[in-house]
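# Fold and geometry: a report
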Amino acid sequence: MQLILASASPRRRELLGLFGIPFVIRAADIDETMDPSLPPEQEVARVSRCKALAVPRQADDVVIAADTIVVCEGRVLGKPHSPREAEEMLTLLSGRDHQVMTGCTIAAGEQVQTFTEITDLHFRPLEPEEIRRYVESGEPMDKAGAYGIQGGAALFCRRMEGDYYNVMGLPVCRLWQQLRHLAPELMEADV
């Protein structure tokens, strides 16, 4: 029995480490394109499910997969493809409320459970110069919405309601509860 994280994200690796259960990493290689005509919370869940099911595993292995997006004024913000796009995303988030949505899937044997965790945030108004400096730091380039709440963007967030770790990419509290319910043997096993 192995616990498998279907992600190469260093943040997800760090957060899953909080569980104290050994795990291996097998990043899923799938098309993460979302259908803009469907609700974002539904699409982010679908992508996480596709990731979980794409990872090779043995019958008794447990796979955890996640996908995170930022949604502001109905616009889905994934990872920026350029510094200019990162600046545009941060300008959109400046002074506004937005949501971070993480679709999370646990595949254990024949059981596959998917949920979406949503955290509400409000960024203070940002000056163009601080956006530029933050983008030049390189930190935004591999993060949904072009920011890392655990890094420099901590200075941008005035208010947050929900799971802080969800904003980092893995809703650890809810995931822990679901994992204990879906795969209790994993908690007891000497893996």
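Residue positions within a chain follow its written sequence, with the count starting from 1. This being a predicted model, a pLDDT of at least 70 is required before a residue's local features are given, and a value of 80 or more before pairs of side-chain atoms are given or counted; all residues contribute to the totals for chains, interfaces and linings. Side-chain measures were taken over the full set of non-hydrogen atoms in the model, leaving aside hydrogen atoms and water.

## Details of the overall build of the protein chain
Basically, it comes down to this: A run of DSSP states H or I qualifies as a helix once it reaches four residues; a run of E qualifies as a strand once it reaches two. Both are numbered from the N-terminal end. For the radius of gyration, the atoms used are the C-alpha atoms, and the globule rule reads 2.2 Å times the number of residues raised to 0.38. Here the term buried applies to any residue with accessible area under 20% of the maximum for its type, exposed to any over 50%, and partly exposed to those in between, with areas from a 1.4 Å probe on protein chains only. What makes two residues a contact is simply this: any of their non-hydrogen atoms within 4.5 Å. The Shrake-Rupley method, run with a 1.4 Å probe, gives the accessible areas here. Residue values count only the displayed protein chains as cover. Asp and Glu count as negative and Lys and Arg as positive, but His and the ends of the chain are not part of the count. For this purpose, a charge sits on NZ of Lys, CZ of Arg, CG of Asp or CD of Glu.
Within the protein chain, the secondary structure is distributed over 7 helices and 7 strands. Along the protein chain, helices (α) and strands (β) appear in the sequence β-α-β-α-β-β-α-β-β-α-β-α-α-α when read from the amino end. On C-alpha atoms alone, the protein chain measures out to a radius of gyration of 17 Å, which is about the 16 Å that the 2.2 N^0.38 rule sets for 191 residues. Along the first, second and third principal axes, the C-alpha atoms of the protein chain reach 50 × 35 × 25 Å. The proportion of buried residues among the 191 residues of the protein chain is 46%. Taking the contacts inside the protein chain whose residues are at least 6 apart along the sequence as the reference set, 66% of them involve residues at least 24 apart. Approximately 9400 Å² of the protein chain is accessible, and the part contributed by carbon and sulfur atoms is 48%. When the 20 positive and 29 negative side-chain charges of the protein chain are each reduced to one mean point, those points stand 3 Å apart.

## Re the pattern of salt bridges
Convention followed: For salt bridges, the criterion is a side-chain nitrogen of Lys or Arg within 4 Å of an Asp or Glu carboxyl oxygen.
For the structure on display, the rule yields 13 salt bridges. Residue R11 pairs with D142 through a salt bridge whose shortest N-O separation is 3.4 Å. With a gap of 131 residues between them, R11 in helix α1 (residues 10-16) and D142 in the loop between α4 (128-136) and β7 (157-161) connect regions that are remote in the sequence. For R11, a relative accessible area of 15% puts it in the buried group. D142 gets classed as partly exposed once you look at its relative accessible area, which sits at 32%. Between E129 and R132 there is a salt bridge whose closest N-O contact spans 2.1 Å. Here the residue E129 and the residue R132 both occupy positions in helix α4, the gap between them amounting to 3 residues, near one helical turn. Judged by relative accessible area, which is 36%, E129 ranks as partly exposed. R132 sits in the partly exposed class, given a relative accessible area of 30%. Each of E129, R132, R133 and E136 takes part in salt bridges that share partners, so that together they form one network.

## Focus: the packing of helix α3 (residues 83-93) against α4
Quick reminder of the rule: Angles here are taken between N-to-C directions and fall from 0 to 180 degrees, while the axes themselves are lines fitted to C-alpha atoms, restricted in helices to the stretch in contact. With respect to orientation, any angle under 35 degrees is reported as roughly parallel, any angle over 145 as roughly antiparallel, any angle of 65 to 115 as roughly perpendicular, and every other angle as oblique. Crossing handedness is read from the near helix: turned anticlockwise from the far helix by less than a right angle, it gives a left-handed crossing, and turned clockwise, a right-handed one. As a working rule, the residues Ala, Val, Leu, Ile, Met, Phe, Trp, Tyr, Cys and Pro are called nonpolar, Asp, Glu, Lys and Arg charged, and the rest polar, with Gly in that last group.
Taken N-terminus to C-terminus, the directions of α3 and α4 make an angle of 135°; their axes are 10 Å apart at the nearest point. Taken together, the axes of α3 and α4 lie oblique to each other. α4 is crossed by α3, and the crossing has right-handed handedness. Judged by residue contacts, P83, A86, E87, L90 and T91 of α3 engage I131, R132, Y134 and V135 from α4. By residue class, the composition of the contact of α3 with α4 is 6 nonpolar, 1 polar and 2 charged.

## Quick look at helix α6 (residues 172-182)
Convention followed: Summarising the geometry, the arc corresponds to the directions from the helix axis toward the C-beta atoms.
Within α6, burial applies to V172, L175, Q178, L179 and L182. Viewed end-on, α6 has its buried residues packed into an arc of 130°, placing them on one side of the element. Buried residues belonging to α6 abut α1, β3 (62-72), β5 (97-108), β6 (111-123), α5 (164-168) and α7 (184-188).

## Digging into the pairing of β5
Moving residue by residue along a regular strand, the side chains alternate between the two faces of the sheet. Short version of the rule: Think of it this way: DSSP has to see at least two bridges between two strands before they count as a pair.
Counting buried residues in β5 gives 10 out of 12 residues, a clear majority hidden from the surface. As paired strands, β5 and β6 are joined by 12 bridges and run antiparallel to one another. When the bridges of β6 are listed, T105 appears paired with T114.

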